[in-house]
Structure formats: structure tokens, C-alpha cells
Amino acid sequence: VRRIIESESRFANCYIEEADDGLTAIDAVHSLAEKGVRFDFILMDFIMLSLHGPDAAKILRTNMKFEGKIVGITGNALPHDIAHFLDSGANEVIIKPLTKAKLVDALLRIFSN
């Protein structure tokens, strides 16, 4: 996942902020927001240490009023797992393995609306 994102971000001239878990992601969004920086989108894995992706997405949406896009990434292809991520605030969910094509398709869908 990281290799795909790193290679594509260099091509697209994007700034990447990496977080090891949901709590770190929330802290990153909060600290950069205090500096006037906002994330256009967040890629968030379902299973993470300390706080899973759906729980972090829900906090970002509910408590922090995050308005950027959230793309969930999961190996759990069961419909209820995908629905849980979407209900928690993700705009889109990509099923692993993550590929460049899946990432580009998801970003095109969420940013074309």
C-alpha cells in the first residue's frame, strides 16, 4: 500500500502525511487543522493498532467535523464490513490487494461528485 501511494504521490506532486494507527491519524488531522492545513483525502485501513479505521473515521466525521474524503482499505470483503466502514464515514471502500487502478478509480469516483 505504501509503495503505491508513495510512487503516485511523487507523480501527482502531493504531500503525504503517514500515520501508524487511527489515533495518530486523528492527531495529525487535528494538529494540521490548527495550522490551517486541511487534508483533501485520507486513506485509512480497517484494521489498525489502538483504533480501527471505521472508529477513526467516525471520530473524524462526528467530533472533528472532517469534510474531506475518506477512502477505507480493507481485506474484509464481507458486505457488512464494507457497510460498517461506509456508515462510519468513509466515502469509498477499496478491497485489498490495493492496486494503482483501484486507488485511481476510487479517487475519480469520490472527487467527481
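Residues numbered from 1 in each chain as written. Predicted model: local features only at pLDDT ≥ 70, side-chain atom pairs only at ≥ 80, totals over all residues. Heavy atoms only, no water.

## A look at the nonpolar core
Taken as a class, soluble globular proteins show a tendency for nonpolar side chains to be buried jointly. Applicable threshold: We define a nonpolar core as any set of buried Ala, Val, Leu, Ile, Met, Phe, Trp, Tyr and Cys residues linked to one another through side-chain atoms lying within 4.5 Å. Exposed residues in this analysis have more than 50% of their type's maximum accessible area, buried residues have under 20%, and partly exposed residues fall in between, with area computed by a 1.4 Å probe over protein chains only. The way it works is that DSSP assigns letters per residue, a run of H or I at least four long becomes a helix, a run of E at least two long becomes a strand, and they are numbered from the N terminus. When checking whether two residues touch, look at their non-hydrogen atoms; a contact exists if any pair is within 4.5 Å.
Judged by nonpolar contacts, the single largest core of 18 residues is most densely connected at Ile-42, Met-44, Leu-60, Phe-66 and Phe-85. Contributions of two or more residues to this core are made by α2 (22–34), β1 (41–45) and α3 (53–62). The element that contributes the greatest number of residues to this core is α2, accounting for 4 residues. When neighbours within four sequence positions are excluded, Leu-60 is seen to be in contact with Ile-26, Val-29, Ile-42, Met-44, Lys-65, Phe-66 and Ile-70. Core analysis: the next-biggest nonpolar cluster, separate from the first, contains 8 residues, Ile-73, Leu-98, Leu-107 and Ile-110 among them.

## Side note on the packing of α2 against α3
Using the following cut-off: To define axes, lines are fitted to C-alpha atoms, for helices over the stretch in contact only, and angles between the resulting N-to-C directions are given on a 0 to 180 degree scale. Note that the term roughly parallel is reserved for angles under 35 degrees, roughly antiparallel for angles over 145, roughly perpendicular for angles of 65 to 115, and oblique for everything else. Left-handed describes a crossing whose near helix is turned anticlockwise from the far helix through less than a right angle; right-handed describes the clockwise counterpart. Here the term charged refers only to Asp, Glu, Lys and Arg, the term nonpolar to Ala, Val, Leu, Ile, Met, Phe, Trp, Tyr, Cys and Pro, and the term polar to all other amino acids, Gly among them.
Their axes nearest at 9 Å, the elements α2 and α3 cross at an angle of 25°. Accordingly, the angle class assigned to the pair α2 and α3 is roughly parallel. The crossing of α2 and α3 is right-handed. In this structure, α2 uses Gly-22, Ile-26 and Val-29 to contact α3, whose residues at the interface are Ala-56, Ile-59 and Leu-60. A breakdown of the residues in the contact of α2 with α3 according to their chemical character gives 5 nonpolar, 1 polar and no charged.

## Looking at α2
Our working rule: Expected helix span is taken as 1.5 Å per residue step, with the number of steps being one fewer than the number of residues. Of all possible arcs, the one meant is that of the directions from the helix axis to the C-beta atoms. Nitrogen and oxygen atoms within 3.5 Å of one another constitute a polar contact, given that in protein one can donate a hydrogen and the other can accept it, and given that sequence-neighbouring residues count only through two side-chain atoms.
Between its terminal C-alpha atoms α2 stretches 19 Å, which fits the 18 Å expected from 13 residues at 1.5 Å a residue. Listed as buried for α2 are Gly-22, Ala-25, Ile-26, Ala-28, Val-29 and Leu-32. Buried residues of α2, seen end-on, are gathered within an arc of 160° and therefore sit on one face of the element. Those residues of α2 that are exposed and aimed more than 90 degrees away from the buried face are Asp-27 and Glu-34. In this structure, the buried residues of α2 make contact with β1 and α3. Two or three places before Leu-23, at the opening of α2, Asp-21 has a side-chain oxygen 3.0 Å from that residue's backbone nitrogen. Just downstream of α2, Gly-36 is the residue with a positive phi angle, here 85°.

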